[in-house]
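Next come the chains, spelled out residue by residue.
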Amino acid sequence: MDKTWMFVDRTKSKYDDGVDSFIRFAIVNSDDSNVIRCPCTKCRNAKLLHPNVVKDHLFVNGVLESYTTWFWHGENISSVPIEEKIESDFEVGDGLNTVEMVDAVYRDYETKPDGFVKLLSDAEKPLYSGCTTFNVLSTLVRLYNLKTKHGWTENSFSELLSLIGDILPKENSLPTSIYEAKKTLSTLGMQYTKIHSCPNDCILYRKEYENSVVCPKCGLSRWKVMKNHKVKEGVPANVLWYFPPIPRFRRMFGTKEIAKDLTWHDNKRQIDSYMRHPADSPAWKVVDHKWPDFGSEPRNLRLALSADGVNPFSNYSTQYSYWPVILATYNLPPWLVMKRKFMMLTLLISGPKQPGNDIDVYLAPLIDDLKELWEVGVDVYDAYKKEVFNLKAILLWTINDFPAYGNLSGCTVKGYKACPICGDNTVSQRLECSKKISYCGHRKYLPRGHKFRKQKKAFDGNEEHGLPPNPLSGEEVFEKVSGIHNEWGKSKKRKATRNNSDSTLSWKKKSIFFNLEYWKHLYVRHCLDVMHIEKNVCESLIGTILGIPGKSKDGLSAREDLEVMGIRDELQPQKEGEKTYLPAACYNMSRAEKKKFYTTLFELKVPEGYSSNFRNRVSMDELKLNGLKSHDCHTLIQQLLPIAIRGMLPKKVRYAITKLCLFFNALCNKVLDVNTLDGIQEELVTTLCLLEMYFLPSFFDVMVHLTVHLIHEVKLCGPVWFRWMYPFERYMKVLKSYVRKGNNVEGCIAECYIAEEALEYCAEYLKDVSAVGVPRNMNNLSSDDHGIGAGNVKLVDLKLLNQAHQYVLENTNEVEEYKDNISSNMRWISHGPQHQVIKYQGYMINGVRFHTKRHDDEHCYQNSGVSVVANTMLVSSAKDKNPIIVDMWYYGVIEEIWLLDYNALKIPVFKCDWVKNDGGVKVDDLGFTLVDLQRKGHKNDPFIFASQANQVFYIEDPENPKWSCVIENSHEKFGNSSSDDSSDKAMNLHFPAKSIPLVETIVNTLHDDESSYVRLDGEPMYID
């Protein structure tokens, strides 16, 4: 059937003949020849009209060009090839939008026309007789969207459906239960496949084993064996849930906006010396260089894979864990890459046991699809460019915690060769008394002539002349593991055999990822997870300096190791009569210092959304920290710890800890200057050597050692926030929330996942329905800045009002240009504000939540701190005739929030108590900004525009309570600011010290004979 007439000029005779042929075709296939659906650009198949009226519409309005398959007029969709599809931006209502949505999804039903007929029925069926606003499908999508966003239970949702059904007219078509609702939505969702597997993880029952009923490796039955030893045929003993990624990639490109976003890295990315996105990294560019055909198509996908175990029963059971395997797509803009909507669940490995090294068995279906996407590609329709193209994809790396890193890569992550980067050249030694492995020896990474290399006493008693090991390339790793023969299954005592065991000491298997042709050529194949490294280092550091039982790396065994090693006699266990005591090390806090440390955290108030409430983590009675989460450790080591230890510990130890915190802060920046990375690495290596001087060898577990390799990965792969586990852990929590029945964990997750997939797809077509997987910032509830809560109209002091009005006049840009052009706003401002102002307790502006000091005093957070940068004239004396203009920081606290009313114009201003810069603000030798909040100044100029305020918060200085340390809150955004939710912004924290000295300034003061590891004023620890 010729449809080319749809794309020609309406004045041509070909268009006239085409309209006639279409009308005849529609009448023949219509149940009622007097009415047919109108496919013009305005009706969009939503209206039933007389054929003559439809003909008139097609000439006046034009035909809907995306309607290339006339399924509304009787054409069989299963016989129609994939053709070009053009979408219109015209939107009328939910009814029309669901029609467009069904139009876009029909290709998924070429082999299932019955399912598509059901979908058409729900899209065209009104909610009740006479309803023109909603149909059944749009209503269900909106309601289910609310259920998913707010975590409603299935029972509550069923009751809501039943109640709404009772409220609506009697003859309504709304489903009355969650089962019926899911059945309707499932027609829009993608499908999954259940693949049977051996309970011992030996094989999957696919390909050559598809018809087997007994595992050929271990002999276990394919079917479930009951407690009475009877085999329940037809019920699999173990199941892998596979969600094929290829159809999901097709659907991503089938949505116009998403298809456009998938080329952001090529046409909208800023290119300079900074790294903001994986596309800025060498790991991305080597793909473009080595495979130019792949790199020349910007729509080809770059992927990352993450896998981890999840316990669905929280603390109620520690015996069960399932393993989701998730893909992330790096083609997207930075603010979308790690959002829930674009996290693609591909595998769900059933519990109760974790797969361990046998995870390769379960990855096989995914690897097969990835091979197809690389070697052959698949034809995909691009809704943005309106064309079909051959889509290919490459897996750049995996992202896992450290144990899973070993499972996926095949390397050893325990014992003497636990470092996967150093491999067989890992420097380690066993601590006989502690029964642990220590990974010291970071002097190898120093320059050859560095003074630390020749020092003995301050380190392990030896000089260091070695060089750092070179990381193995992918080709070298492949060559090492090529001789390993894998044997899968838990019943196998010997998991792998090696042709040359001497060269593969740090490898336990050949990873299935090497089946991908390109895998061995990638710079980095498995990424170290900064989240878990940071958490472990933070816990070890805090546990050691505070002496927390179970977390401290210090103790009797650790001190006895010093005796065995023959170093640091002053710290070895000492006898005092019949008692044994441990001398105070330089990192040990006294009880008074511990109390001061815990008090600082207990009284801490931070901006809302910054972190958890540390008051709930601190036990002042027991002087303990309880239940620190990963993000708590992140905020501690990034900002809070350097302040909490001020005035405690010897200065050199405190400095080394601060430098380690500064490293993690610099490492986690969202925007990285490539030229600074070498300097950061040099500072880190020297800092690690300082820590080796002060802390015991037992402190240096593999997590501390791995920090030395993080900058290397940043250089190759880009910013760490694209490669850490935070977004994946958050998403795994979402999957965990899907579990409703403990006896069918994976089934609950699978069904809820495909229902949410359908919901996300529908959200692209229905107006006012936001995607669940791209949460709006909690602070951006509306597009405009607004007051929080109900404002109070107050008469204010005329003097203060004049000060506020004067500030508006002096700081409004239009005032400077009024002589040339008097704007409407300028006319209103010239009349002055009304004497009554609206006062708020809080105000939202630029996505930041501010509150008054009075409001903060009644709550557990602090949103009243502000800073502003202003041009200030500096003079050296009264006779100075050459003043200079500089930018100066001013710090204060919001006392009142006013909304000035200029009739047609309303301007929000903050009335603040400002700290006097002369004597009220100082910067100490480590670069911390300190303010005296009681020393107030600038009383004649208390106002600023709300838009000018930068949010800061203040922490009382433990060293001198008169002063408070200033910490700047982070509000960096990337392009589409409305999509930056608070969970992202809370990760990018500014370091509180702005000009901390280089490590070398401390190094030059140290000597080999100095006992820098002993604290003479400390409190010894007695051993019971």
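Keep in mind that what you see is a predicted model, and the values were worked out from it rather than measured.

(A) Highlighting the environment of Thr-398. Secondary-structure assignment places Thr-398 in strand E13 (residues 393-399). Separated by 325 residues in sequence, Thr-398 and Arg-723 have C-alpha atoms that sit 8.5 Å apart. For Thr-398, the side chain forms a polar contact with the side chain of His-526, separated by 2.7 Å.

(B) Here's a closer look at the packing of aromatic side chains. All chains considered together, the criterion is met by 37 aromatic pairs. Geometrically, the ring pair formed by Tyr-15 and Phe-59 is edge-to-face, given 5.6 Å between the ring centres and 75° between the ring planes. Residue Tyr-15 is found in helix H1 (residues 13-28), and its partner Phe-59 is found in helix H2 (residues 51-60); the two are separated by 44 residues along the sequence. The exposure class of Phe-59 is partly exposed, given its relative accessible area of 27%. Aromatic side chains Tyr-840 and Tyr-843 sit 6.1 Å apart centroid to centroid with 65° between the ring planes, which places their arrangement in the edge-to-face category. With a relative accessible area of 14%, Tyr-840 lands in the buried category. In this structure Tyr-843 comes out as buried when scored by relative accessible area, which is 6%.

(C) How the structure looks around the sheet that holds strand E9 (residues 323-329). Spatial ordering of the open sheet is given by E3-E6-E10-E9-E8-E13-E18, a layout of 7 strands whose pairing is mixed. Looking at strand neighbours, the two that pair on one side only are strand E3 (193-196) and strand E18 (526-527), the edges of this open sheet. As judged from the 3 bridges shared by strand E6 (residues 239-242) and strand E10 (residues 344-349), these two strands associate in the antiparallel manner. When the sheet's bridge partners are listed, Leu-240 is paired in E10 with Ile-349. Each of E6, strand E8 (301-307), E9 and E10 touches helix H8 (residues 245-254); the most contacted strand, E10, lies at about 165° to it.

(D) Geometry of the environment of Phe-452. Position of Phe-452 among the secondary structure elements: in the loop between strand E15 (436-438) and helix H16 (474-481). For the pair Phe-452 and Glu-463, spaced 11 residues apart in sequence, the C-alpha separation works out to 8.4 Å.

(E) Up close: the nonpolar core. Of all hydrophobic cores here, the largest spans 209 residues; its most connected members are Tyr-330, Leu-395, Phe-513, Phe-597, Ile-657 and Phe-695. In this structure, Phe-513 is in contact with Leu-305, Leu-363, Ile-367, Leu-395, Thr-398, Leu-408, Trp-519 and His-526, ignoring residues within four places of it in sequence. Residues Val-796, Tyr-807, Val-866 and Tyr-890 belong to the second largest nonpolar core, which totals 32 residues.

(F) Spotlight on the pairing of strand E27 (residues 842-845). Across the two faces of E27 the burial is the same, with Gly-842 and Met-844 and Tyr-843 and Ile-845 all buried. In terms of strand pairing, strand E24 (residues 786-788) meets E27 through 3 bridges, oriented antiparallel. Bridge pairing in E27 places Ile-788 opposite Gly-842. Examined bridge by bridge, E27 and strand E28 (residues 848-851) share 4 bridges and lie antiparallel to one another. Its bridge partner lying in E28, Met-844 is registered against Arg-849. Hairpin geometry of E27 and E28 is characterised by an intervening segment of 2 residues between the two adjacent antiparallel strands and by a positive phi of about 55° at Asn-846.

(G) Focus on the state of the cysteines. Within this structure, the stated rule accounts for 0 disulfides. There is no disulfide at Cys-198, and the cysteine sulfur nearest it, in Cys-218, is 3.5 Å away. Judged by relative accessible area, which is 0%, Cys-198 ranks as buried. The closest cysteine sulfur to the non-disulfide-bonded Cys-633 is located on Cys-538, 4.1 Å from its own sulfur.

(H) How the structure looks around unusual backbone geometry. A cis amide bond links Gly-351 to the next residue, Pro-352, at an omega of 5°. In this model, Arg-568 sits at a positive phi of 50°, which is unusual for a non-glycine residue. Along the polypeptide, Arg-568 turns up in the loop between helix H18 (556-565) and strand E19 (574-576).

(I) Focus on the side chain of Gln-638. Relative to the assigned elements, Gln-638 resides in helix H20 (residues 630-644). Accessibility expressed as a relative area gives 1% for Gln-638, which makes it buried. Engagement of the side chain of Gln-638 in a polar contact is seen with the backbone oxygen of Phe-664, the distance being 2.9 Å.

(J) Main features of the sheet that holds E28. The 3 strands are arranged E24-E27-E28 in an open sheet whose pairing can be described as antiparallel. The outermost strands of the open sheet, each flanked by one partner alone, are E24 and E28. Adjacent strand axes in the sheet meet at a mean angle of 30°, parallel and antiparallel pairs treated alike.

(K) Representation of H8 in the model. In terms of burial, H8 is a largely internal element, 8 of the 10 residues being buried. Residues of H8 that are buried: Pro-245, Ile-246, Arg-248, Phe-249, Arg-251, Met-252, Phe-253 and Gly-254.

(L) How the structure looks around H18. Of all the residues in H18, the buried ones are Ala-558, Arg-559, Asp-561 and Leu-562. An end-on view of H18 places all buried positions within 145° of arc, on one side of the element. Contact partners of the buried residues in H18: strand E14 (429-431) and strand E20 (579-582). Backbone geometry just downstream of H18 places Gly-566 in the positive-phi region, at approximately 75°.

Each value, and the rule that gives it
- Residues numbered from 1 in each chain as written.
- Predicted model: local features only at pLDDT ≥ 70, side-chain atom pairs only at ≥ 80, totals over all residues.
- Heavy atoms only, no water.
- Helix = DSSP H or I, 4+ residues; strand = E, 2+ residues; numbered from the N terminus.
- Polar contact = N/O pair within 3.5 Å; in protein donor to acceptor, adjacent residues only side chain to side chain.
- Phe/Tyr/Trp six-rings, centres within 6.5 Å; stacked < 30°, edge-to-face > 60°.
- Buried < 20%, exposed > 50% of the residue type's maximum accessible area, 1.4 Å probe, protein only.
- Pairing = 2+ DSSP bridges.
- Contact = heavy atoms within 4.5 Å.
- Axes fitted to C-alpha atoms, helices over the stretch in contact; angles between N-to-C directions.
- Core = buried A, V, L, I, M, F, W, Y, C linked by side-chain atoms within 4.5 Å.
- Disulfide = S-S within 2.5 Å.
- Arc of directions from axis to C-beta.

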